[in-house]
Amino acid sequence: MLTTETDIVDRSLLDGWLARCVGTERQYLIDAVVHQMTPTEIAEKHGVSRQTVYQWRRKVREKLKQLRV
């Protein structure tokens, strides 16, 4: 439940980021931001290597950089 204006803004930002991501990028973003999981934990959860998780993170960062332009 959203309790403060900050929660609403944070949720709005996350929703905007998720809308720009697909599949595994979304999974990464939710696990990293919402669940505060480490790359190792994310890799174990999804049965992939940490290198794969770092690739997901790189793709998400590239998309989010485009928002600042």
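Residues numbered from 1 in each chain as written. Predicted model: local features only at pLDDT ≥ 70, side-chain atom pairs only at ≥ 80, totals over all residues. Heavy atoms only, no water.

1. Describing the environment of Val 48
In step 1: Assignment of secondary structure puts Val 48 in the loop between α3 (39-46) and α4 (50-68).
In step 2: Overall, the relative accessible area of 28% leaves Val 48 in the partly exposed class. (Helix = DSSP H or I, 4+ residues; strand = E, 2+ residues; numbered from the N terminus. Buried < 20%, exposed > 50% of the residue type's maximum accessible area, 1.4 Å probe, protein only.)

2. Considering the side chain of Glu 25
In step 1: The topology assignment puts Glu 25 in helix α2 (residues 23-34).
In step 2: Filtering out sequence-adjacent residues up to four positions away, Glu 25 remains in contact with Arg 20, Lys 59, Val 60 and Lys 63. (Contact = heavy atoms within 4.5 Å.)

3. Remarks on the confidence of the model for the protein chain
In step 1: Mean pLDDT over the protein chain stands at 86; residues scoring 70 or higher make up 84%.
In step 2: Of all the helices and strands in the protein chain, helix α1 (residues 5-19) carries the lowest mean pLDDT, 75, while α3 carries the highest, 97. (pLDDT = per-residue confidence, 0-100.)

4. Considerations on the environment of Leu 18
In step 1: In this structure, Leu 18 sits in helix α1.
In step 2: By relative accessible area, Leu 18 is classed as buried at 15%.
In step 3: In the structure, Leu 18 is positioned 42 residues away from Val 60 in sequence and 9.4 Å away in space, judged by C-alpha atoms.
In step 4: Discounting residues that sit within four places of it in the chain, Leu 18 has contacts with Arg 26, Leu 29 and Ile 30.

5. Notes on the side chain of Asp 31
In step 1: Within the secondary structure, Asp 31 sits in helix α2.
In step 2: Classification of Asp 31 by relative accessible area gives buried; the value is 2%.
In step 3: For Asp 31, the side chain forms a polar contact with the side chain of Lys 45, separated by 2.8 Å.
In step 4: Excluding anything up to four places from it in sequence, Asp 31 contacts Gln 36, Met 37, Ile 42, Lys 45 and His 46. (Polar contact = N/O pair within 3.5 Å; in protein donor to acceptor, adjacent residues only side chain to side chain.)

6. Examining the pattern of salt bridges
In step 1: Following the criterion strictly, the structure yields three salt bridges and no others.
In step 2: Measuring nitrogen to oxygen at the nearest pair gives 2.7 Å for the salt bridge that ties Glu 25 to Lys 63. Of this pair, Glu 25 sits in helix α2 while Lys 63 sits in helix α4, and the two are 38 residues apart along the sequence.
In step 3: With a relative accessible area of 22%, Lys 63 lands in the partly exposed category. (Salt bridge = Lys/Arg side-chain N within 4 Å of Asp/Glu carboxyl O.)

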